[in-house]
Amino acid sequence: MLAVTAKSLSRDDPMSGWSLGEYREPKPPEGWTTVKVRAASLNHHDVWTLRGVGIDEGRLPIVLGCDAAGIDEDGNEVIVHSVISSEGWVGDDTLDPRRSLLSEVYDGTFAELVAVPRRNLIPKPPAISFEEAACLPTAWLTAYRMLFTNSGVKPGGTVLVQGAGGGVATALIILGAATGYRVWVTGRTEEKRARAMELGADNAFEPGARLPERVDAVLESVGAATWSHSLKSLKPGGTVVICGATSGGDPPADLTRTFFLQLHIVGSMMGSRDELVALARLCEVSGVRPLIDRVLPLAEAREGFEAMIRGDVFGKVVLELP
Ligand SMILES: NC(=O)c1ccc[n+]([C@@H]2O[C@H](COP(=O)([O-])OP(=O)(O)OC[C@H]3O[C@@H](n4cnc5c(N)ncnc54)[C@H](OP(=O)(O)O)[C@@H]3O)[C@@H](O)[C@H]2O)c1
């Protein structure tokens with residue numbers, strides 16, 4: 001079958017280990033099943049993998065891709081939950097210390113077929129297209145958990161999203177605006193800030209800008225480049241929810257500000273199967289849909305990776321399969 005794989009890892013030249021070609025078909029073990037992938041979406045995770053973050057050479061070659069929507073062995077339209085918990089784990093999959101995401105230990109979704117545990121499939125609502133559904137399991141699920149589970153802020157509150165055009169950032173803007181939050185955004189270009197406003201942001205600022213007032217929560221995926229601004233932007237008792245550190249992971253801690261203003265720092269990883277079901281239902285009943293930057297055939301996936309590495313995306317890059 002055709003698949004996009006990582007064949008080698010390079011921190012500075014991630015595309016050097018990227019490969020498109022024939023790959024063995026999956027043989028699902030007991031309790032697993034095979035999904036015919038109809039659409040998959042790119043995440044920064046796929047770039048991290050090629051850079052050697054969270055994986056070592058011993059796992060290679062491995063099929064890239066965390067997200068997929070497709071058809072299961074019984075002909076049902078399904079969405080794949082990417083968090084693979086260990087055998088016998090009960091409860092929130094993200095809290096299993098032995099959990100992995102597809103493409104970390106097991107082959108991922110950028111292929112004609114992907115093998116997953118049966119419990120990792122959820123029904124795809126018919127109103128949501130395969131392309132839209134393929135955006136939900138990582139970026140959108142992460143945004144859902146950050147905003148609704150981990151920020152502690154209710155509709156009516158003000159949240160700051162660091163970064164405008166990324167998969168997680170656009171999900172946060174759309175979900176927040178659709179559910180009654182006042183969403184402020186920072187974006188690196190005038191064009192991205194304008195597009196964030198079109199998505200429903202209440203205001204958009206240059207990175208590091210002084211805000212008109214402090215916010216209830218900051219939703220972080222950028223890391224070192226924005227962390228200090230995130231802490232400075234919070235009200236006393238406010239919360240920064242962080243799911244990633246695209247620009248680097250070792251920012252100054254600002255410990256004095258953190259204790260003096262009683263700030264909360266909350267890490268956020270993906271979301272549970274139940275949260276993915278709730279997110280799919282939210283999209284179904286509200287009409288909210290993921291923003292898709294471009295849809296590419298699997299054979300042209302390289303273009304999507306290169307755009308993401310350049311930071312030249314606004315929304316999700318989706319790969320489609322016949
Ligand atoms: N913990 C989890 O479960 C989880 C889940 C999903 C993602 N993540 C992490 O979250 C991060 C974002 O993921 P994604 O898939 O949304 O990535 P993406 O689509 O590539 O988006 C990158 C985002 O970073 C922003 N950014 C701002 N300043 C930046 C800088 N100096 N350097 C690089 N980027 C900068 C961009 O903002 P502009 O629009 O202004 O350019 C954009 O919003 C990644 O690090 C990813 O690994 C974690």
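Before reading on, note that the structure itself is shown above.
What you see as residue numbers is a count from 1 along each chain, following the sequence as written. Local features in this predicted model are restricted to residues of pLDDT 70 or higher, and side-chain atom pairs are both shown and tallied only at a pLDDT of 80 or more, whereas totals for entire chains, interfaces and linings draw on every residue. The basis for every side-chain value is the complete set of heavy atoms in the structure, and neither hydrogens nor water enter the calculation.

Enquirer: How would you explain the site of the ligand if you had to name every residue and give the values?
Expert: We call a residue near a given molecule or strand whenever any one of its heavy atoms falls within 4 Å of it. Surrounding the ligand, one finds 27 residues, the nearest of these being H44, G165, K192, C243 and M270. Within the contact set of the ligand, an oxygen atom lies 3.0 Å away from a backbone nitrogen or oxygen of G166. Between the ligand and M270, the relevant distance is 2.6 Å, taken from an oxygen atom to a main-chain nitrogen or oxygen of the residue. All accessibility values rest on the Shrake-Rupley procedure with a 1.4 Å probe; residue burial counts only the protein chains present in the view. For the ligand, whose accessible area on its own is 920 Å², the fraction buried by protein is 87%. Taken together, the elements giving at least two residues each to the shell around the ligand come down to helix 1 (44-51), helix 3 (136-150) and helix 4 (167-178). The helix and strand labels rest on DSSP assignments: H or I over at least four residues marks a helix, E over at least two residues marks a strand, and numbering proceeds from the N terminus. Here the element with the most residues in the shell around the ligand is helix 4; it accounts for three residues. Grouping the amino acids of the shell around the ligand by side-chain chemistry returns 11 nonpolar, 14 polar and two charged. Polar contacts, as counted here, are pairs of nitrogen or oxygen atoms within 3.5 Å of one another; within protein the pair requires one atom able to donate a hydrogen and one able to accept it, and residues that are adjacent in sequence qualify only if both atoms are side-chain atoms. Polar here means any residue other than Ala, Val, Leu, Ile, Met, Phe, Trp, Tyr, Cys and Pro, which are nonpolar, and Asp, Glu, Lys and Arg, which are charged; Gly is therefore polar.

Enquirer: For the nonpolar core, give the residues involved together with the corresponding values.
Expert: For our purposes a nonpolar core is just a set of buried Ala, Val, Leu, Ile, Met, Phe, Trp, Tyr and Cys residues, chained together by side-chain atoms within 4.5 Å. Here's how the labels work: a residue is buried when its accessible area is under 20% of the maximum for its type, exposed when over 50%, partly exposed in between, all with a 1.4 Å probe on protein chains only. W140, L175 and L279 are the most contacted members of the largest nonpolar core, which totals 45 residues. Elements with a minimum of two residues in this core: helix 2 (130-133), helix 3, strand 11 (158-162), helix 4, strand 12 (182-186), strand 14 (215-220) and helix 8 (273-286). The element that contributes the greatest number of residues to this core is helix 3, accounting for eight residues. Residues V63, A68, F110 and V313 belong to the second largest nonpolar core, which totals 41 residues.

Enquirer: So what's going on with the pattern of salt bridges? Residues and values would help.
Expert: The working definition used for a salt bridge is a side-chain nitrogen of Lys or Arg within 4 Å of a carboxyl oxygen of Asp or Glu. For the structure shown, the criterion picks out 14 salt bridges. The shortest N-O distance in the salt bridge between E132 and R289 comes to 3.3 Å. One end of the pair, E132, is in helix 2; the other, R289, is in the loop between helix 8 and strand 17 (292-297), and 157 residues separate them in sequence. The class of R289 is partly exposed, set by a relative accessible area of 22%. A salt bridge links R302 to E306; the nearest nitrogen and oxygen atoms lie 3.1 Å apart. Note that R302 and E306 are positioned in helix 9 (residues 301-310) at a spacing of four residues, about one turn of the helix. In the salt-bridge network here, residues are joined through shared partners; they are D92, R145 and E275.

Enquirer: Report on the pairing of strand 3 (residues 32-41), specifying residues and quantitative values.
Expert: A regular strand places its side chains so that they alternate between the two faces of the sheet. With eight of its 10 residues buried, strand 3 lies for the most part within the structure. Note on pairing: DSSP must find at least two bridges between two strands before they are called paired. Of the strand pairs in this sheet, strand 3 and strand 9 (residues 113-117) are connected by five bridges, and their pairing is antiparallel. Following the sheet pairing, T33 is matched in strand 9 by V116.

Enquirer: Tell me about helix 9, and please be specific about residues and values.
Expert: Within helix 9, the full set of buried residues consists of A301, G304, F305, A307 and M308. Viewed along the axis of helix 9, the buried residues span an arc of 165°, placing them on a single side of the element. Contact between two residues is taken to exist if any of their heavy atoms lie within 4.5 Å; hydrogens are not considered. On the buried face of helix 9, the contacting elements are strand 1 (2-6), strand 2 (18-22), helix 1, strand 17 and strand 18 (316-320). G311, located one to two residues past helix 9, shows a positive phi value of around 75°. What the arc covers is the set of directions going from the helix axis to the C-beta atoms.

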